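# Reading the structure
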Amino acid sequence: DFPLYTGIRIAFACAENLFFSGAIYGWPTFEYVLIQNGYFSHLCPNVTNVTSLMTCTESKEMLNLVFTSATSVMVMVAPFGGYIFDRFGTWLFRSIATMFLTLGVIFLAASTPETPNLLFPGAISLAIGGLHLLISNLQLGNPAGGGRATVITLVNGSFDSGTLFFLIVKLAYDSGTSLCVILSIYAACSVFPWVKTYTLMPRDSFQYPMKDTDVKFGIYELKAISCSKTPKTQDNDVIGDMDEPDEQNKSLLKCLLTPIFWTSLIYTLLLHLRVIFFLGSFVDWLQAFEPVGNISNLTNIFGILLCLGLFVGPINGIITDTVTSYNLNRGKSVAKSKWRGLFASTFSTTLLAVGFSIATALHNTIGTFILFILTRSFLYSSISSFIATAFPSRHLGKLYGISMALAGVFGFSTYGIFSLANPYDPKFIVTNYVMIAMVSVTVVHSVLIFVKSRA
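Cut-off values and rules
- Residues numbered from 1 in each chain as written.
- Predicted model: local features only at pLDDT ≥ 70, side-chain atom pairs only at ≥ 80, totals over all residues.
- Heavy atoms only, no water.
- Helix = DSSP H or I, 4+ residues; strand = E, 2+ residues; numbered from the N terminus.
- Contact = heavy atoms within 4.5 Å.
- Expected span 1.5 Å × (residues − 1).
- Buried < 20%, exposed > 50% of the residue type's maximum accessible area, 1.4 Å probe, protein only.
- Arc of directions from axis to C-beta.
- Phe/Tyr/Trp six-rings, centres within 6.5 Å; stacked < 30°, edge-to-face > 60°.
- Lys NZ or Arg CZ within 6 Å of the ring centre and 35° of its normal.
- Salt bridge = Lys/Arg side-chain N within 4 Å of Asp/Glu carboxyl O.
- Axes fitted to C-alpha atoms, helices over the stretch in contact; angles between N-to-C directions.
- Parallel < 35°, antiparallel > 145°, perpendicular 65-115°, else oblique.
- Left-handed = near helix turned anticlockwise from the far one by under 90°.
- Nonpolar A, V, L, I, M, F, W, Y, C, P; charged D, E, K, R; others polar.
- Patch = residues over 30% accessible without salt bridge, like charges linked within 9 Å, V, L, I, M, F, W, Y side chains within 5 Å.
- Areas by Shrake-Rupley, 256 points an atom, 1.4 Å probe, with all protein chains shown as cover.

Regarding its fold elements, the protein presents 24 helices and 0 strands. Here the contacts in the protein between residues at least 6 apart in sequence split such that 81% fall between residues at least 24 apart.

This is the structure we're talking about:
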């Protein structure tokens, strides 16, 4: 049973992720609106109408570059944010993140078809702020006890559903509301993360396992600190989650040098690239086999399905917790049970990614949409669950940040693949088959986890 405030924190964290943290992943829907408004249309001298804009390669390449830059820079700076989170605590970390989020929305609202370059700082700032708010919310699984993985994946799932905001933008724009007005209202609403930071989040962080069930947070913690002669300091001796002596006191360097961390990087890099490439080339992929008149409706359908991450993400956590509990009940050790739960999480994600890539290559629109939603939600849920479970919680921010940073550097290749595929493989036929082989490699991570679970 969750304490009342734990439930409230989780509910508000999900709301924050829905409308702020994961907004950048709604880019395919937002891109359609930007094309309709004529962003980067100056690169297409022969454009005469909106229909022509939908087929202008130069403008779409620039919009793809905006998205690629935002998602790549977002994760490249994650290690610095992770260090600030682990070292200085939640309040300072979230204050910086919310500042980036607010600045990002202001830049987007100020951009016009005449000043499209403002999209770059806007999208980058929005993405940086959003990811770091997510990192701050991952700790909410720590007070949840046996439901830890489920809560973590629920938070991740709501982050995936952050595409809801740009879907609302598109629907409001289609109804006649100015894009500038919509984004200006959104900027004003960004006060919500500020309020949440100082009312529902701890000054330091929730460690795992929890040593004190009566955790103070927000203004209550501030009051407790002001009345105490010995302020609370963050406990850096809290152990990890595997209940093994060697695992409990691992240094950051030792965590980084373990083989399983490197296979997790391969898993993260390749699957993240697959997800980002599909989002960045979504409109072009549809245009390869769908009539232009269908693209708007299909974009709306895809945007609605993207919002289902809130419900899909927790499935991965439920699988992890269920398999773990099943093995514990069979008399397996805590460590082996945890590893088997992680195996179920990562292996199912790889299978979904392969299925999604096959559906994409076959131009199965609905199948691709459904499998993509499952793959993306499972991917980021499994990454955060793995790091939170396999390593000491005091390294969560740093290890998650490093993984995302390397994924961001690798993700820059999305623009190169897109630019190369456009003239030589415009229907992404060869590209998609290469992607099938690429995501299949990620099974290596699951194999190593399985071997570890039997050691």
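By the element assignment, K398 lies in helix α21 (residues 396-411). In contact with K398, other than residues within four places in its own chain, are G82, Y83, D86 and L252.

Time to look at helix α17 (residues 292-306). Under the 1.5 Å per step criterion, the end-to-end length of α17 is 21 Å for 15 residues, consistent within 8% with the ideal 21 Å. Taken together, the buried positions of α17 are I295, S296, L298, T299, N300, F302, G303 and L306.

Moving on to helix α10 (residues 179-189). Turning to α10, its buried residues number three or more, namely L179, I182, L183, Y186 and A187. Down the axis of α10, the buried side of the element spans an arc of 140°, and every buried residue falls inside it. Facing away from the buried surface of α10 by more than 90 degrees, the exposed residues are I185 and A188.

In this fold, T29 is placed in helix α2 (residues 27-37). Residue class for T29 comes out buried when judged on its relative accessible area of 1%. Residues in contact with T29, not counting those within four places in the same chain, are F166, L167, K170, T299 and G303.

Taken as a whole and assessed by the stated rule, the structure comprises 28 aromatic pairs. Centre to centre, the rings of F20 and F192 are 6.2 Å apart; their planes meet at 15°, and the pair counts as stacked. Placement of the pair is F20 in helix α1 (residues 4-21) and F192 in helix α11 (residues 191-200), with a sequence separation of 172 residues. Residue classification places F20 among the buried residues on the basis of a relative accessible area of 6%. Overall, the relative accessible area of 25% leaves F192 in the partly exposed class. Put simply, the rings of F12, F20, W27, F30, F67, F165, F166, Y186 and F192 pair up and form one aromatic cluster. The cationic tip of R87 hangs over the ring face of F88; the distance from NZ or CZ to the ring centre is 5.0 Å.

To continue, consider the pattern of salt bridges. In this structure the tally under the stated criterion is 3 salt bridges. With its nearest N and O atoms 2.9 Å apart, the salt bridge here joins K170 to D174. One end of the pair is K170 and the other is D174, both in helix α9 (residues 164-174) and 4 residues apart, which spans about a single turn. With a relative accessible area of 0%, K170 lands in the buried category. Judged by its relative accessible area of 45%, D174 is partly exposed. Three or more residues joined by partner-sharing salt bridges are found here, namely E16, R94 and K196.

Remark: α17 packs on helix α20 (residues 365-390), axes separated minimally by 10 Å, with the N-to-C direction vectors making an angle of 30°. With respect to each other, α17 and α20 are oriented roughly parallel. Relative to α20, α17 is oriented so that their crossing is right-handed. On α20, the residues that touch L298, I301, F302, L305 and L306 of α17 are T365, F369, F372, I373 and R376. Here the contact of α17 with α20 is composed, by residue class, of 8 nonpolar, 1 polar and 1 charged.

Let's shift gears to the packing of helix α4 (residues 57-76) against helix α15 (residues 259-280). For any two helices packed against each other, one specifies the inter-axial angle together with the distance between the axes. Close contact between α4 and α15 brings their axes to 10 Å; oriented N to C, the two are set at 150°. Looking at the two axes, α4 sits roughly antiparallel to α15. When you trace α4 past α15, the crossing you get is right-handed. For the pair α4 and α15, contact is made by N64, F67 and T71 and by I276, L279 and G280, respectively. Looking at the contact of α4 with α15, its residues break down into 3 nonpolar, 3 polar and no charged.

Here we take up a nonpolar patch on the surface. There is a patch of nonpolar side chains on the surface, built from I358, L362, I429, V430, Y433 and V434 and spanning about 580 Å² of accessible area. For the nonpolar patch, the element with the highest residue contribution is helix α23 (residues 429-440), accounting for 4 residues. Position of L362 relative to the elements: it lies in the loop between α19 (334-361) and α20.

Below, the discussion takes up unusual backbone geometry. One non-glycine residue, F40, lies in the positive phi region at around 65°. Mapped onto the elements, F40 comes out in the loop between α2 and α3 (50-53). A positive phi angle is found at H363, which is not glycine, with a value near 60°. Following the sequence through the fold, H363 ends up in the loop between α19 and α20.

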